[in-house]
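# Geometric and topological summary
Spelled out from the first residue to the last, the chains are:
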Amino acid sequence: MRVLFSITMTCFFTVLGIAQKKVLQHTDKEIWNHLSKVQISNSGDYMIFTVKKGEKDQTLHLKTTKGKTIMSSPRSSEGRFSYDSNYVVWKVNAWKDSIKEMKRRKIKKKNLPKDTLYIYHIKSRKTHRIPNVKSYTLPEKWSGIVAYTLEPKKLLSTRNKDSKRDTTTIRNSKKKKLKKVSKKNGYHLVVRNLENGLEDTLKFVHRYALSREGAFLTYATSGEEQKSMSGVYLYDVNARKSTLLFESHQKTTYPQLTIAPSGKKIGFVVDSDSTKSLIKKPSLYAWKSGNDKAELIVSSGNNASNLLVSSNEKLSFSKNEKRLFFGLRAAPIVKDTTLLDEETVNVEVWTYNEPRLYTVQKMQVQNDQKKAFRSLYDFSLNKMIQIADPEFDLVRYGDEGDSEYAIVGNTTPYMLESQWTAQRPMDIQRVDLSTGEKSIIGIKVYGRASVSPKGKYLFGYSRRDSTWFTYNLKTLKYQALTKGKIFYNELHDYPDDPRSYGFAGWTENDEEFLIYDRFDIWSFNPDTAAHENLTNGRSSKTQYRYIRVNSDERSISKHQNWILSTFNEATKYGGFASYHSEDEEIQQLITGPYLFGKLQLAQQDKKNRLLYTRQSFEEFPNLWSSNLSFKSPKQVTNINPQQNQYNWGTAEMVEWVSLDGKLLQGMLIKPENFDPNKKYPMIVNFYEKSSNRLYRHHPPTFGRSTINYSFYASRGYLIFNPDVYYRDGYPGESAFNCVIPGITALIDQGFVDKDNIGVQGHSWGGYQIAYLVTKTNIFKAAESGAPVVNMISAYGGIRWQTGLSRQFQYEHTQSRIGGTPWQYPQRYLENSPIFNIDKINTPLLIMHNDADGHVPWYQGIEFFVSLRRLGKPSWLLNYNGEPHWPLKLQNRTDFNIRMSQFFDHYLKGVPKPVWMEHGVPALEKGINQGYESILDDKR
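Residues numbered from 1 in each chain as written. Predicted model: local features only at pLDDT ≥ 70, side-chain atom pairs only at ≥ 80, totals over all residues. Heavy atoms only, no water.

This next bit is on the pattern of salt bridges. Scanning the model with the defined rule gives 43 salt bridges in all. Across the salt bridge formed by Glu 313 and Arg 374, the nearest N and O atoms sit 3.3 Å from each other. Of the two residues, Glu 313 sits in the loop between strand S22 (308–309) and strand S23 (316–317) while Arg 374 sits in strand S25 (residues 373–378), which places them 61 residues apart along the sequence. For Arg 463, the salt bridge identified is with Asp 496, shortest N-O distance 2.3 Å. Taken together, the positions of Arg 463 in the loop between strand S32 (457–462) and strand S33 (467–472) and Asp 496 in the loop between strand S34 (478–480) and strand S35 (503–506) put the pair 33 residues apart, joining distant regions of the chain. (Salt bridge = Lys/Arg side-chain N within 4 Å of Asp/Glu carboxyl O. Helix = DSSP H or I, 4+ residues; strand = E, 2+ residues; numbered from the N terminus.)

This paragraph deals with helix H8 (residues 764–772). In terms of burial, H8 is largely enclosed, as 9 of its 9 residues are buried. The complete set of buried residues in H8 reads Trp 764, Gly 765, Gly 766, Tyr 767, Gln 768, Ile 769, Ala 770, Tyr 771 and Leu 772. Buried residues along H8 sit in contact with helix H7 (731–747), strand S51 (752–762), strand S52 (781–785), helix H9 (791–795), helix H11 (825–830) and helix H12 (858–869). (Buried < 20%, exposed > 50% of the residue type's maximum accessible area, 1.4 Å probe, protein only. Contact = heavy atoms within 4.5 Å.)

This paragraph deals with a nonpolar patch on the surface. A cluster of nonpolar side chains, contributed by Val 345, Val 347 and Val 349, occupies part of the molecular surface with about 310 Å² of accessible area. Position of Val 345 among the secondary structure elements: in the loop between strand S24 (323–329) and helix H3 (358–363). (Patch = residues over 30% accessible without salt bridge, like charges linked within 9 Å, V, L, I, M, F, W, Y side chains within 5 Å. Areas by Shrake-Rupley, 256 points an atom, 1.4 Å probe, with all protein chains shown as cover.)

The next point concerns a negative patch on the surface. Residues Glu 532, Glu 582, Asp 583, Glu 584 and Glu 585 make up a contiguous surface patch of negative charge. Its place among the elements puts Glu 584 in the loop between strand S41 (574–580) and strand S42 (585–592). (Lys, Arg positive; Asp, Glu negative; His and termini not counted. Charge placed at Lys NZ, Arg CZ, Asp CG, Glu CD.)

Turning to the packing of aromatic side chains, a few remarks are in order. Counting across every chain of the model gives 54 aromatic pairs. Ring geometry for Phe 674 against Tyr 680: centres 5.2 Å apart, planes inclined by 25 degrees, an arrangement best described as stacked. With respect to burial, Phe 674 and Tyr 680 carry one shared label: buried. These aromatic residues form a ring-pair network of at least three members: Tyr 457, Phe 459, Tyr 461, Trp 468, Phe 503, Trp 506 and Phe 513. Sitting over the face of the ring of Tyr 405, Arg 430 holds its NZ or CZ atom 4.4 Å from the ring centroid. Stacked on the ring of Tyr 725, the Lys or Arg Lys 662 has its end atom at 5.2 Å from the ring centre. (Phe/Tyr/Trp six-rings, centres within 6.5 Å; stacked < 30°, edge-to-face > 60°. Lys NZ or Arg CZ within 6 Å of the ring centre and 35° of its normal.)

Moving on: the nonpolar core. By size, the foremost hydrophobic cluster in this structure holds 51 residues, and its most contacted members are Met 682, Val 684, Phe 720, Ile 743, Phe 779 and Phe 863. In terms of residues, this core owes the most to one element, H7, which gives 7 residues. Phe 720 has contacts with Val 654, Trp 656, Met 667, Leu 668, Met 682, Ile 683, Val 684, Asn 685, Val 739, Gly 742, Ile 743 and Leu 746, leaving out every residue within four places of it along the chain. Counting 32 residues, the second-largest nonpolar core is a separate cluster that includes Leu 24, Ala 651, Tyr 712 and Met 899. (Core = buried A, V, L, I, M, F, W, Y, C linked by side-chain atoms within 4.5 Å.)

The 4 strands lie next to each other as S18-S19-S20-S21, forming an open sheet whose pairing is antiparallel. With one partner strand each, in any of the chains shown, strand S18 (253–259) and strand S21 (295–299) form the two edges of the open sheet. Taken over all neighbouring pairs, the strand axes of this sheet differ in orientation by 25 degrees on average, direction set aside. In this structure, strand S19 (residues 265–271) lies alongside strand S20 (residues 283–288), joined through 6 bridges in antiparallel fashion. (Pairing = 2+ DSSP bridges. Axes fitted to C-alpha atoms, helices over the stretch in contact; angles between N-to-C directions.)

Helical geometry note: an α-helix holds 3.6 residues per turn, so side chains three or four residues apart project in the same direction. Between the first and last C-alpha of H12 there are 16 Å, a value that for 12 residues agrees with the 16 Å anticipated at 1.5 Å per step. By the burial criterion, the buried members of H12 are Gln 859, Gly 860, Phe 863, Phe 864 and Leu 867. The arc enclosing the buried residues of H12, seen along the axis, measures out at 130 degrees, which places them on a common side. Exposed side of H12, more than 90 degrees from the buried face: Arg 868 and Arg 869 are the residues found there. Along its buried surface, H12 packs onto H8, S52, H9, strand S55 (844–847) and strand S56 (874–877). A positive backbone phi angle near 70 degrees is found at Gly 871, which sits one or two residues after H12. (Expected span 1.5 Å × (residues − 1). Arc of directions from axis to C-beta.)

What follows deals with the pairing of strand S6 (residues 87–92). Counting buried positions over the 6 residues of S6 gives 6, a clear majority of the element. Of the two faces of S6, the one lined by Tyr 87, Val 89 and Lys 91 and the one lined by Val 88, Trp 90 and Val 92 are each fully buried. In this structure, strand S5 (residues 76–81) lies alongside S6, joined through 4 bridges in antiparallel fashion. Bridging from a neighbouring strand, Ser 77 pairs with Lys 91 of S6. Hairpin connection, S5 to S6: the antiparallel pair is bridged by 5 residues, and Ser 85 has positive phi, about 70 degrees. Pairing geometry for S6 and strand S7 (residues 115–121), over 6 bridges, is antiparallel.

Once that is clear, we can look at unusual backbone geometry. For Ala 786, which is not a glycine, the phi torsion comes out positive at approximately 45 degrees. Examined against the element boundaries, Ala 786 turns out to sit in the loop between S52 and H9. A positive phi angle is found at Arg 816, which is not glycine, with a value near 60 degrees. Within the fold, Arg 816 resides in the loop between helix H10 (807–811) and H11.

Dropping the structure here:
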């Protein structure tokens, strides 16, 4: 009897414990932490990451890779390890709330608090702080210094008594005349030795660059301090000495500046035209070690092409530093500045046969004004080679600029048809980088043209015939690699040519090309197409993908083990595996009911320590540490311990059969305290196919377009996310055939309240929901975000974010009609909800913003005014100035509140809020939100 009583009380308190867990509120989203900016030190001993609470300030954390906390720094950003792993450097910002209060007091931007630079020595635990820092840089492949720029401030120029170097001291003396440093005059650049703290200040710097490997820095000054000459300098970090390489008059500018990896060469563009001429003629200069001064190597108009040196094209040296890449450009089109506004014709002329639609041209005006043609200067030949030209303007080359050849492409002849085909083939030529000689490779070549790492092959995937291919750039021989084989998307359901699964990369010296199919990695000989399956994952439905763990990696070594990500399509389990390339064996290192990701391997650690994340619906993606064996992984962060205090949820896979006989999968989210004997309201949320994300975590956030799964599960909702497979020409019907039987299958299990089912989706999901509610009354409420309801008018619309016509979307991509309105008028009518709005009996909440650059927002207006015309319960939310989704926090918060109130009213019987009963009149916009219940309404 006592045993029974004990068991009974234990069960009672267990149930009570669950019942007493908190339910997520919107305010809880503000306390949830988010992990980002993870780095492991090169030594493998330490890690840094930032944690952001809600959308407030973020905190930088430094820990050992065993999980021991070393230090934390609030309101911090841009954290980095020094190359030798001895230091951490970061910036500390002002509190966001304090900035807001200052803005309320109308404090000018220039008077707002500036950032402070923190330098932390890990072993000694000592911190050095430097105020008023604008930006900083650490060397990429060497250690010893940090270079930082100071914010404009009144500075007193002084002379360092211990050396001849100029330094700058901040003074508040009224007796001294202070010099105001402004953006126009450049910034003061300080080079600080991390070990001894010695600093050199380089004054009035407009531009600077650190060498990647050698201890050198180059910088350009304006000469503003004493109205002196401007110049370009080389700063030797070890000698702490600046050498003047080029000087000019005060108003000379240096729009581009670069330094070779070794620091032994420098390139820069000089604009010494001090007049107000509308056509500037910059020149390209270069300096190399051993020379006293920089030399002119290319001048504007004085080259074979009679083009100008570009001020906008970035400069870069090749790996062996024998080539300097730069840009040439045509002279700009000059506007007549003497014309008054009333004399200027203001008209857009749209022409039917232009390669680019006028709206696209308009979006790309700035790019067109800066357009440059890639060229190089060869120091070994003392010769300039123009690679690109106005016709063949797309450039690719390999071996980090050392390759024998480049390829150039011309897409212009095919731009017009890409308006509706969504594919853009190109004519391709080979360019000899030593002579500039060009040879034709192919005409109207489909597939994005790329060059192999060593530059021996052009390669790509042609969607037109679903084939990976190569061109040998020495012989110009074409080789089809996968013709007749299935290396295209097997689940493709668009009225278009299928895409590929991508590729892993190339092995050393371009010997083998590694291509993905649905599951495996295949090795191909690029000249003969001989191939081999390296992973054999198809039989177990396991997908293998290569993980690049070294950011400097250009080729994949066959003499080292590879780290692969794994994903099992049947179980949805993620994991990591090791591929032993020499004996061609795969070892599963770790797997389970989780998503694994963000793997980082220490680059100079013999222990091969690494970090990764692991997540599931119930488990936040915390950091885990291990080595390459994965034998003893350890969780080293616990970012949201408060989650255990809340009623959360669980995720499981469900299956059913579509109306056209296809076995389907979907995700079902249940509340943590789910009782199969109860009935629950359910919200259906879907887009296309999401079941592979079964183990994705959903932290509480103010999302921009969709319901938050953890939030709604905590509040007692079921969430169903079904996969949808489409039939060309019938996207709406396809959604119906997949989604509705999935819902009825769940209703048959007895725990779904069939009278309280809602549906929610955005964009393509919003369209499908608009279609479904014209065909069924199974939903008691629906939220449809940025929906297309009239495919005929939308077909002729513009995607204003890019200026592209929307025609391709209906003919070949997501909207899946498969042709034009004049080819398939009935398809456009049948798939457009606008023509069946009278059949809608489901209350609708619509969100469509007036700055939507994806879907024309008049689609939302068409939807709403038609519903309003018929007296159907409906509401339209338009967040002014927002794009396809609300991005501003206040608007995302508002959207989340209104959407939850909408569903709570219809699916749980909660009284209406005031905004649903009376709206928010224009007079009250931004003043009264109407969130309060109508039961509390005072009006």
